[in-house]
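Coordinate analysis (summary)
One letter stands for each residue in the lines below.
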Amino acid sequence: MKPLVIFIGFVLISLISSAQDVTGLVKKVKTRLDRVNDYVAEGRMKTDVAFIKAPAGKVKIFFKKPNKFKLKRDGGISILPRGGVSVNMSSLLTSESYTAFSAGESQINGTTVKVIKLLPSAENSDVVLTTLYIDEANLLIRKASTTTRENGTYDMEMSYGKYAEYGLPDKVVFSFNTKDYKVPKGITLEYETGEKPAADKLKNKKGRIEINYTAYTINKGVSDKEFL
Amino acid sequence: MPPIIEVQNLSKKFREITAVDQLSFTVNEGDVYGFLGQNGAGKSTTIRMLLTLIEPTGGSVKIFGMDLQSHRREILRQVGAVIEKPDVYKYLTALENVRLFAKISGIGRLSEAKLMEELELVGLADRAHSKVKTFSQGMKQRLGVAIALVHDPKLIILDEPTNGLDPQGIADIRNLILQLSRQRNKTVVVSSHLLSEIELVANRLLIIDRGKKMVEGSSAELFDPAQTVVELETLDNDKALAQLQASEWNGLLQPTRSKLIVLKMDRKQIPLFHQSLAAMQVPVISLQPRHSLEDYFLQVTTGKQHVEAFTN
Amino acid sequence: MWKLLQIELFKIFKRPRTYISFAAITALVGIIQFGLKLDGTAYMEFMLRDLSMSFDIEGNILNAYLVCFIILQLLLVHVPLLISLIAGDLISGEANMGTLRLLLTKPISRTEVVFAKFLAATIYTLLLLLWMAILALFVSLLVFGSGDMLNLKSDYIVQLKSNDIMWRYIAAFGFAAIAMITVASLGFLLSMFAENSIGPIVATMSVIVVFTILSTLDIPIFNAIKPYLFTTHMIGWKGFFDVKVNADNEAIAGTVQNLGKVMQAAGILVLHIIGFLTASILVFRKKDVLS
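For the structure given in this document, a descriptive report is provided here. This structure is a prediction, so every number in the text was calculated from the model and none was measured.

Now for the overall build of chain B. Helix and strand counts for chain B come out as 12 helices and 14 strands. Referenced to the eigenvectors of the C-alpha coordinate spread, the extents of chain B come out at roughly 75 × 45 × 40 Å. Residues counted as buried form 52% of the 312 residues belonging to chain B. When contacts within chain B are restricted to residue pairs at least 6 apart in sequence, those whose partners lie at least 24 apart make up 69%. Here chain B has roughly 13900 Å² of accessible surface; of this, 48% comes from carbon and sulfur atoms.

Bringing helix H4 (residues 112-121) of chain B into the picture now. Residues and elements named next belong to chain B. Those residues of H4 that fall on the buried side of the exposure criterion are Leu115, Glu118 and Leu119. Summarising the axial view, the buried residues of H4 lie within an arc of 95°, below the 170-degree limit, and thus occupy one face. Exposed and facing more than 90 degrees away from the buried side of H4 are Ala113, Glu117 and Glu120. Those residues of H4 that are buried are in contact with helix H3 (94-104) and helix H5 (137-149).

Another point: the sheet that holds strand E5 (residues 66-67) of chain B. Strand pairing in a sheet is mediated by backbone hydrogen bonds. Such pairs are either parallel or antiparallel. If you walk across this open sheet you meet the 4 strands as E2-E1-E4-E5 (chain B), and the pairing is antiparallel. Of all strands in the sheet, those bounded by a partner on one side alone are strand E2 (17-27) and E5 of chain B.

For the structure shown, the criterion picks out 30 salt bridges over all chains. Of the charged contacts, one joins Asp135(A) and Arg142(A) as a salt bridge, the two residues approaching to 2.7 Å between their closest N and O atoms. Of the charged contacts in the structure, one is a salt bridge between Glu112(B) and Arg99(B), with a shortest N-O distance of 3.2 Å. Highlighted residues: Glu112(B) in helix H4 and Arg99(B) in helix H3, separated in sequence by 13 residues. A relative accessible area of 28% means that Arg99(B) is categorised as partly exposed. When salt bridges with common partners are traced through the structure, they connect Asp31(B), Arg204(B), Lys213(B) and Glu216(B) into a single cluster.

The next subject is the sheet that holds strand E7 (residues 111-120) of chain A. All names here are of chain A. Strand order in the open sheet formed by 10 strands is E4-E3-E1-E12-E11-E10-E9-E8-E7-E6, and the pairing between neighbours is antiparallel. The outermost strands of the open sheet, each flanked by one partner alone, are strand E4 (68-73) and strand E6 (98-108). Pairs of neighbouring strands in the sheet enclose a mean axial angle of 20°, with direction left out of account. Where strand E11 (residues 169-177) lies against strand E12 (residues 206-218), 7 bridges are found, and the strand directions are antiparallel. Counterpart to asparagine 177 in the pairing with E12 is lysine 206.

Rules of the game
Residues numbered from 1 in each chain as written. Chains lettered and ligands numbered in written order. Predicted model: local features only at pLDDT ≥ 70, side-chain atom pairs only at ≥ 80, totals over all residues. Heavy atoms only, no water. Helix = DSSP H or I, 4+ residues; strand = E, 2+ residues; numbered from the N terminus. Buried < 20%, exposed > 50% of the residue type's maximum accessible area, 1.4 Å probe, protein only. Contact = heavy atoms within 4.5 Å. Areas by Shrake-Rupley, 256 points an atom, 1.4 Å probe, with all protein chains shown as cover. Arc of directions from axis to C-beta. Pairing = 2+ DSSP bridges. Salt bridge = Lys/Arg side-chain N within 4 Å of Asp/Glu carboxyl O. Axes fitted to C-alpha atoms, helices over the stretch in contact; angles between N-to-C directions.

Given below as structure tokens:
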């Protein structure tokens, strides 16, 4: 018994110490992100969902602290995975009430990253678990994986460039699970071309949205009415 | 001068029914040609064949010396017709109707004045701008006539033009026919099931029954004592007919639907015919000469309505 | 020929009946627009129910382009009824009125009459569609504004960029014109056989209704006969609202997913028109006018 107790005690102590360690890292990342009060970004969005045929198009993204976020597409309609969290990176970190655990290290595109799991303290939080892959050297989140109660798991991969100093990515790729889509033919009065879309293609439940940012306008103030 | 209409062996079969059977007749220029027969005798079918509304199953029709089938358009340009009730577009005005049909009749654009003149002729000038649905039957009839005349045709074909008209309307049509013939020098073909209507206007007559020609000739001929119709009744008509067919009287026998034997001869020949029958020992019951077309018409066309018409 | 066509058009547009269709279209389009303007959000929520489970859809979804699509979808099934009202009456109506015999004693060939009447019916059909386009598309643009269009198909969703839509509507109305002319030519053919206009009108409507039901019923035993029903091809205009995608599943502007099939459907309809028209000419040339 004794060796086991000692072992558990040791693990606990190391966990707590590393928790303090990673909490500090997350805080540092957050501090950096906090330098951005607001931004307007322009970019190009591509949607890749098996059952959506959407053209790539220009988007304009508005952000204002603490968590106002809006994506506008030219032409008007945007289809985004449910739950703005996945799009709004800093909202991942807005909540103070989480517990951070280290989950070792990993590699993303050749960069060594710390893997940190965040557990929200609030019991009714929609987010069950967030895993961050943080590039410690540059204090940048390279990847985030969020598991929610309602909307499955989202992955978000970021690439950085010109705006890395603000912690703002040049490119974000969201991956997410999708539910089935089916509208009864009676409602759509479908035109039968006789051609069935490849069934496996539609069965692919992974959706992807890619946004390439071309320009950020940071901390120049954003009117509240942009978020209406 | 070719005849205006020359019909040869014209036939029309509707499935099993022969409506017109080997009909031949000729209409000359200037004729008012009366076309007589019971309802269903084949008058309308014949007239519709002359107007290309019905396709014949046999025979030929020449109008103005041209074959009707191959020269349809040239012929119809010179023909005006009122077919039974002259129905026109009810939702158009009288003037619009006349203008519309003038246009289709292949004449150039007519001035409004000319069209009004046409309506004036039939006494409808004051109603030129009224919709036809407000017209009485007689007014429609007159409008029909105006439409038939608007393109100044050489030949006018009137199929039962007096159907459904009151006595005044009938008289109007009769006068109009005479006027067209005498003043405008038109050739008119007019059909009717009433002899009384026809005999006053027609100079030539054709009587048909069950699609067959019964008699054709000028009014003068048909009323002529030299063309007296003799009806013979015997104890055995079949035998008597056979005897007559074998005799020199054969050529005078007339087709008939009645049970009687009918011959056509000069009134003066009748005593000789008597003697001849006696010589052949034909058991004669009666021998009756009829000298009017009316009697003849009565005989070939049996039907209550005609009897009423004639006895009135 | 031109003269005859003028006369036929004159006759069509002098009749009150002609305007019933225009009034009906105006009323129906108006009602749909009014309903969508007032309660369109609920309708869209219903249509997007499945999608909303995974996605947030933002923007002016219920814009003129979608409204026009909804209107066409609802109305184009019924416009044939309005067209048969005129087409089924073309010959039979004149036979009934007694004007056919007068018309055909004129120095015009029967083939000319058929063509003039058919062309007049075609022009009527085109005007009706034009009127519908004005109301459903241009009035909607004023009322609902423009924007990208979401075409909710049963298996997937197509998002069309607003600058990639107008030409699709022009093509769609062109296709609809062919479809409606097919109906007109059927009504016209049937009108040869009757001496009152009710028969051919009802017969045309019945054919359309029965065929449309068979075309849209998703029951396997009917699927075999669907390709042979011209009504199946009449909704081919919808094909213009689907796009091709590239390897990245990115919609390519200016493309049509299955243009070949759409063109084939149009071709089948054109063949029907030619068939019905040829039959009409043959029947009419031989027809004995007894009315």
